[in-house]
Amino acid sequence: MSTLAATQSDLVRSNAAPYAGYGAATTVRKFSGYEFGPGEAAWVRSVRQASARKSVPAAMADLYDAVDDLLRAGNFAAVDRGLAEVSLADLKPELWVALLTVTYAAKDRLRHRAAFAGEVQRALQQMSIEPESVLHGLL
Amino acid sequence: MPVRSLEPLDNLSVDPVVAVAVQRVNPSQNHCGLLFREAGGDARLAHLAWHCDFRHEAATTTYTYARVDLHPLRSPAVAGWCAKVARANTNNIIPYGFSYPTACFDRKTGAWLLGQDGLGLTCATFVLAVLSSAGVNLVDVDRWDSRTEDEDWRQKIIDALGHRHAERASYLNAHREALRYRPEEVAGAALHALADYPVEMAKAVDAGERVNEQLSAG
């Protein structure tokens, strides 16, 4: 089975028992392209490009759309892979926080989120920002 | 850290920003909503005015504002979520209700998920629910207590709803067991520092009394 086929199967299966924190996905979602590709997770690529080319609100909207699509479909593996792969240097700091915000409700299902949050905390400290002053309630 | 004070709209010109908007409706009733301003945008107000009466409009000076204590790196994410919810719910299907449901907005679209007939929100729990969905829990809902005077308020609401929404009034009469978060207490909680969120009931009540004093002073 190809990676793509496996991902599509995961999407369909996940809709039989949608993740409660993301509302009731009542229809089977069409595969939308956030599959695992060779190299980085596709959603990371799209968010990285948005961070480079768009305003913070526009890039954030793209990030929310990409990650929420996956979470609503129950594709936690794809989100988790992205959290493991994403480089903070490729995203504006506001998007670090947005990524922790959008994944908060699913944090128990995302194995790499804690490590990502730790990276964000260290990066904030290097910026002379007290991490708790930004991330309170998100960790 | 001392609790901050309410601010006029003019003070909220720096974007992005999120605040609890609060106004006096009558001597015994306040109303609240959410002000948000995305980078480069105008200050907008989202509030649940009444049963199935959601408003998304320009922020006005008829309210005063309790700024939510968010770091500039965090404000865009919260303001963006508020904007998404505001844009998604102008179809006026959010019912009025005494409950405080969680996970009631679609994460992708911001739309209300629970339909018109069941659980609903007050103006205050609308604010709490939207912010909670963005990871900002203003009040400590797990240790909030009921108050006998809140039952009088619930009866007034049921009576008022009965004039135009008899079916809804009947539903609320049968589902009146819920805690009340008052608008001034939600605004008062927002005036605390982020580190104090979620604010415990006693502190929110105290801050709410100061909000009432400021509203009375005009």
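Residues numbered from 1 in each chain as written. Chains lettered and ligands numbered in written order. Predicted model: local features only at pLDDT ≥ 70, side-chain atom pairs only at ≥ 80, totals over all residues.

1. What about the overall build of chain A?
- If you tally the helices and strands in chain A, you get seven helices and zero strands.
- Listing the helices and strands of chain A from first to last along the sequence gives α-α-α-α-α-α-α.
- The 139 residues of chain A split such that 43% are buried.
- Considering only contacts in chain A between residues 6 or more positions apart, those separated by 24 or more positions represent 69%. (Helix = DSSP H or I, 4+ residues; strand = E, 2+ residues; numbered from the N terminus. Buried ≥ 20, exposed ≤ 12 C-beta atoms within 10 Å, placed from the backbone. Contact = placed C-beta atoms within 7 Å.)

2. Remarks on the interface of chain B and chain A
- Facing the 20 residues of chain B at the interface are 26 residues of chain A.
- Broken down by class, the residue content of the side of chain B that touches chain A amounts to 11 nonpolar, four polar and five charged. (Nonpolar A, V, L, I, M, F, W, Y, C, P; charged D, E, K, R; others polar.)

3. A few points about the sheet that holds strand β3 (residues 44–50) of chain B
All names here are of chain B.
- Pairing in this open sheet of five strands is antiparallel, and the strands run β4-β3-β2-β1-β5 from one edge to the other. Pairing within the sheet leaves two strands with one partner each, and these edge strands are β4 (53–58) and β5 (64–67). With direction set aside, neighbouring strand axes in the sheet form an average angle of 30 degrees.
- Across six bridges, the pairing between β3 and β4 is antiparallel. (Pairing = 2+ DSSP bridges. Axes fitted to C-alpha atoms, helices over the stretch in contact; angles between N-to-C directions.)

4. Brief notes about the nonpolar core
- Counting 97 residues, the largest nonpolar core has Leu63(A), Val18(B), Val20(B), Ala21(B), Cys82(B) and Val186(B) as the members making the most contacts within it.
- Here this core takes nine residues from helix α3 (residues 56–72) of chain A, the largest share from any one element.
- When near neighbours in sequence (up to four residues on either side) are disregarded, Val18(B) contacts Leu34(B), Leu35(B), Phe36(B), Val68(B), Leu70(B), Ser75(B), Val78(B), Ala79(B) and Cys82(B).
- If you look at the next biggest cluster of nonpolar residues, it comprises six residues, including Tyr96(B), Phe98(B), Tyr171(B) and Leu172(B). (Core = buried A, V, L, I, M, F, W, Y, C linked by C-beta atoms within 7 Å.)

5. A short note on helix α2 (residues 42–53) of chain A
Residue and element names in this part refer to chain A.
- Here α2 is 12 residues long and its end C-alpha atoms lie 17 Å apart, about the 16 Å a rise of 1.5 Å per residue gives.
- Those residues of α2 lying buried are Trp43, Val44, Val47, Arg48 and Ala50. Here the buried residues of α2 occupy an arc of 165 degrees about the axis, which is enough to place them on one side. Among the exposed residues of α2, those oriented more than 90 degrees off its buried face are Ala52 and Arg53.
- Looking at the buried positions of α2, the neighbouring elements they touch are α3, α4 (76–85) and α5 (93–102). (Expected span 1.5 Å × (residues − 1). Arc of directions from axis to C-beta.)

6. Overview of the environment of Ser146(B)
- Tracing the backbone through its elements, the reader meets Ser146(B) in the loop between α2 (123–133) and α3 (148–164).
- A count of 11 C-beta atoms within 10 Å places Ser146(B) in the exposed class.

7. Let's talk about unusual backbone geometry
- With an omega of -10 degrees, the peptide bond running from Asp15(B) to Pro16(B) counts as cis.
- Following Tyr197(B), the chain continues into Pro198(B) via a peptide bond in cis, with omega recorded as -5 degrees.
- Located in the positive-phi region is Ser128(A), a residue other than glycine, with phi close to 60 degrees.
- Here Ser128(A) shows up in the loop between α6 (113–126) and α7 (131–135).
- Despite not being glycine, Asn92(B) has its phi angle at roughly 55 degrees, a positive value.
- Of note, Asn92(B) is situated in the loop between α1 (75–88) and α2.

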